[in-house]
Amino acid sequence: MPADFISNLYVFILAGFVGFEVIKRVSPLLHTPLMSLTNALDAIVVVAAIIIAGRHETRLTTVLGAIAVAASFSNMVGGFVITDRMLRMFKSGGSKKS
Amino acid sequence: MTALALQQYLDFAYIAAVVLFILSLRFLSSPTTARWGVLAGEIGAALAVVATLFNPEVAQYKWVLIPLIIGAGVGIPLGMVHMTAVPQRTALSHAFGALSAAMIGIAEFYVGTAPVTRFQMGEIGLEVIIGSLTFTGSLIAAGKLQEILPQRPIVYRGQNIVSLSVLAAALGLAVALVVNPAHAVLFPIMVVVALIFGVLLVTPIGGADMPTVISLLNSYAGFSAALLGFVLNSKVLVVAGALDGSSGFILSLIMCKAMNRSFTNVMFGAFGQVQTSAVAAKEERVVRSASPEEAAAILLAANKVVIVPGYGMAVAQAQHKVRELYDSLSKKGVEVRFAIHPVAGRMPGHMNVLLAEADIPYDRLIEMDEINGDFPQTDVALIIGANDVTNPAARNDQSSPIFGMPILDVDKAHTVMVIKRSMNPGFAGIDNPLYYLDRTLMLFGDAKQFVGGIVRELGGGH
């Protein structure tokens, strides 16, 4: 079993626990923005896609990489845009003008 | 700068991104700090993307920059959709995320840099299978939510056996590739079989279960990204994937609990089947109905009103009229709050977003567990477009298909008013005994028009 695998497994398990503890505290009020925000963060796979497309090894891998760049970057941009739009709408009773 | 030093700068950028991602989710714990969360996430993501563009492995920029522009061009309109369309947008973004994870895994299989070891082949195989099935599964879910595809569960005899055989075939092909990675021809077949399994997985699941399905797909998309991090030895992907995966997993658990179902039940026991028998044995019972004038008079006489909104309210586009009702009752000194069931709407938390969009303050939106104890002291419970989540049969009728599901105890309020088009049973087709109680008044009509009528009677919606 490669050493990389073990260190990645450590990171995965620790990040999973951090995620569990942090997300447990998110107010149910915000579960929809939570999902769109984690979607945008998950779109960080764009960094791997950029390298695959940018290496330009074979035509096939470049095409696959380019599709991955477009798909994940649209998630990243769209996810942040819609999350912010949603969160802007949440106003408390105190801040409401009457 | 030497290549090694540059690599270290890139690693620091990724570590900073990871820290910002965790902070981003941390800020989301309260609506007052939540927008900081978006900012933290944006900075982290921008840092990681810009750093990657400096990676010496990126030899040419044409096929990086063009897709980035296309991605932004697709992403911005998808970020501007109407709030009722957020569930299908979310399903579509799960599909995009899974697509890109699968594409990178496939590319990694075909790059010639290093021979693929058995261990790597196992990782790639699993990653590509999960990515592919999540891609097609999410597309089907998006199609159902957009109502391009039928919302009812599509079922046939022996379905679970067929679906599981297809999954077993995909996994079998992956194992064959691990045993002998030289059999490269099996790889594309494995991808196609996994794509087919995704379709089979979501097609039988009905519209009522969409909040659970969308959360599960969220979790799959996250875990496929984390697995990709294992394949590429990229810790930033492992962390982001683990965060996204655990978020989707927690939401799935909450949704299952809110519907009193298990994962296996959602995935393999189509919700639509049991219901026809439940409706059969009903005798003619009397219901009492009321006009907008009568409803307005009752609401005015009340001290405490709880409004129970369901997805039907959003379908009728009634949320802005509901806001006017909230405003005019509040002005007249009536305390109005909203009771939110965890599965109200088409995805977790959807109803809160729809009401926030209509400018209803979020401190008026109360979760089920918190508000249920208040119903006995509530003068009027006004139900708009919700049905099953108010059905007392879930509490006391063991033969009901929804028995055991946690519900809003609206039947304990002094008066119950239900705005409904007709007496037809709702989405899940289950009869609701609430409508036949002595304290219940049925308000027949379109939600938007009826609420508008009440607002007019109260004398001024503005």
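Above this note sits the structure.
For the structure given in this document, a descriptive report is provided here. (Residues numbered from 1 in each chain as written. Chains lettered and ligands numbered in written order. Predicted model: local features only at pLDDT ≥ 70, side-chain atom pairs only at ≥ 80, totals over all residues. Heavy atoms only, no water.)

Re the pairing of strand E4 (residues 380-384) of chain B
Residue and element names in this part refer to chain B. Across the 5 residues of E4, 5 count as buried, placing the element largely inside the fold. The sheet contact formed by strand E1 (residues 304-309) and E4 spans 5 bridges and is parallel. The residue bridging Pro 309 from the neighbouring strand is Ile 384, located in E4. In terms of strand pairing, E4 meets strand E5 (residues 415-420) through 5 bridges, oriented parallel. By the bridge assignment, Leu 382 is partnered in E5 with Met 417. (Buried < 20%, exposed > 50% of the residue type's maximum accessible area, 1.4 Å probe, protein only. Helix = DSSP H or I, 4+ residues; strand = E, 2+ residues; numbered from the N terminus. Pairing = 2+ DSSP bridges.)

Digging into the pattern of salt bridges
Tallied over the full model, the rule gives 17 salt bridges over all chains. As a salt-bridge pair, A:Lys24 and A:Glu21 come within 3.4 Å of each other at their nearest N and O atoms. A residue pair is termed a helical-turn pair when its members lie 3 or 4 positions apart in one helix, as A:Lys24 and A:Glu21 do in helix H1 (residues 3-24) at 3 residues. Its relative accessible area of 37% is what places A:Glu21 among the partly exposed residues. Two residues, B:Asp409 and B:Arg395, come together in a salt bridge whose shortest N-O distance is 2.6 Å. Note that B:Asp409 is positioned in the loop between helix H17 (393-396) and E5 and B:Arg395 in helix H17, a separation of 14 residues in sequence. Beyond isolated ion pairs, a larger network of salt bridges with shared partners links A:Lys91, B:Arg323, B:Asp327 and B:Asp359. (Salt bridge = Lys/Arg side-chain N within 4 Å of Asp/Glu carboxyl O.)

Considerations on the packing of aromatic side chains
Under the criterion given, the structure shown has 9 aromatic pairs over all chains. Note on A:Phe5 and B:Phe230: the rings are 5.6 Å apart at their centroids and 50° apart in plane angle, and the pair reads as tilted. Of this pair, A:Phe5 sits in helix H1 while B:Phe230 is found in helix H8 (residues 210-232), placing the two residues in two different chains. The exposure classification of A:Phe5 matches that of B:Phe230, with both residues buried. Centroid distance A:Phe12 to B:Phe223: 6.1 Å. Interplanar angle 65°. Geometry classified as edge-to-face. Residue A:Phe12 is found in helix H1, and its partner B:Phe223 is found in helix H8; the two belong to separate chains. Judged by its relative accessible area of 29%, B:Phe223 is partly exposed. Site record: aromatic cluster; members linked through ring pairs are A:Phe5, A:Phe12, B:Phe119, B:Phe223 and B:Phe230. (Phe/Tyr/Trp six-rings, centres within 6.5 Å; stacked < 30°, edge-to-face > 60°.)

Structural notes on helix H14 (residues 319-331) of chain B
All names here are of chain B. A rise of 1.5 Å per residue sets the reference length of H14, with its 13 residues, at 18 Å; its end C-alpha atoms lie 18 Å apart and thus fit the reference within 8%. When H14 is considered as a whole, its buried residues turn out to be Gln 319, Val 322, Arg 323, Glu 324, Leu 325, Tyr 326, Ser 328 and Leu 329. Two residues or fewer past H14, Gly 333 is found with a positive phi of approximately 85°. (Expected span 1.5 Å × (residues − 1).)

Examining the packing of helix H6 (residues 159-179) of chain B against helix H7 (residues 186-202) of chain B
Residue and element names in this part refer to chain B. The contact between H6 and H7 brings their axes to 9 Å, and the two run at 155°. Classed by the angle they form, the pair H6 and H7 counts as roughly antiparallel. The element H6 and its partner H7 pack so that their crossing is left-handed. Along the contact surface, H6 presents Ser 163, Val 166, Leu 167, Ala 169, Ala 170, Leu 173, Ala 174, Ala 176 and Leu 177, while H7 presents Leu 186, Phe 187, Ile 189, Met 190, Val 193, Ala 194, Ile 196, Phe 197 and Leu 200. (Axes fitted to C-alpha atoms, helices over the stretch in contact; angles between N-to-C directions. Parallel < 35°, antiparallel > 145°, perpendicular 65-115°, else oblique. Left-handed = near helix turned anticlockwise from the far one by under 90°. Contact = heavy atoms within 4.5 Å.)

Here we look at the environment of B:Glu357
Here B:Glu357 lies in helix H15 (residues 350-357). In contact with B:Glu357, not counting residues within four places along its chain, are A:Met89, B:His82, B:Met83, B:Gln319 and B:His320.

Some details on the sheet that holds E5(B)
Residues and elements named next belong to chain B. In space, the 6 strands of this open sheet follow the order E3-E2-E1-E4-E5-E6, with parallel pairing throughout. Strands with a single pairing partner mark the edges of an open sheet, and in this sheet they are strand E3 (365-367) and strand E6 (440-444). On average, each strand axis in the sheet is inclined to that of its neighbour by 25°, with strand direction left out of account. Against the sheet, H15 makes contact with E1, strand E2 (335-340) and E3, and its axis sits at roughly 145° relative to E2, the strand it touches most.

Some points on the interface of chain B and chain A
Every contact between the two is made by 104 residues of chain B and, on the other side, 82 residues of chain A. Contact with chain A buries surface across chain B, with B:Leu28, B:Arg35 and B:Phe230 losing the most and accounting together for 8% of the total. Residue A:Lys91 is joined to B:Asp359 by a salt bridge in which the shortest nitrogen-to-oxygen separation is 2.9 Å. Across the contact surface, chain B and chain A share 21 residue pairs in polar contact (both at pLDDT 80 or more). A breakdown of the residues in the side of chain B that touches chain A according to their chemical character gives 62 nonpolar, 28 polar and 14 charged. (Buried area = accessible area lost by both parts, 1.4 Å probe. Polar contact = N/O pair within 3.5 Å; in protein donor to acceptor, adjacent residues only side chain to side chain. Nonpolar A, V, L, I, M, F, W, Y, C, P; charged D, E, K, R; others polar.)

Section: unusual backbone geometry
Residues and elements named next belong to chain B. Here the phi dihedral of Gln 317 falls at roughly 55°; this positive angle occurs in a residue that is not glycine. For Gln 317, the location among the structural elements is in the loop between helix H13 (311-315) and H14. The backbone of Asp 359 sits at a positive phi, close to 70°, despite the residue not being glycine. With respect to the helices, strands and loops of the structure, Asp 359 is situated in the loop between H15 and E3.

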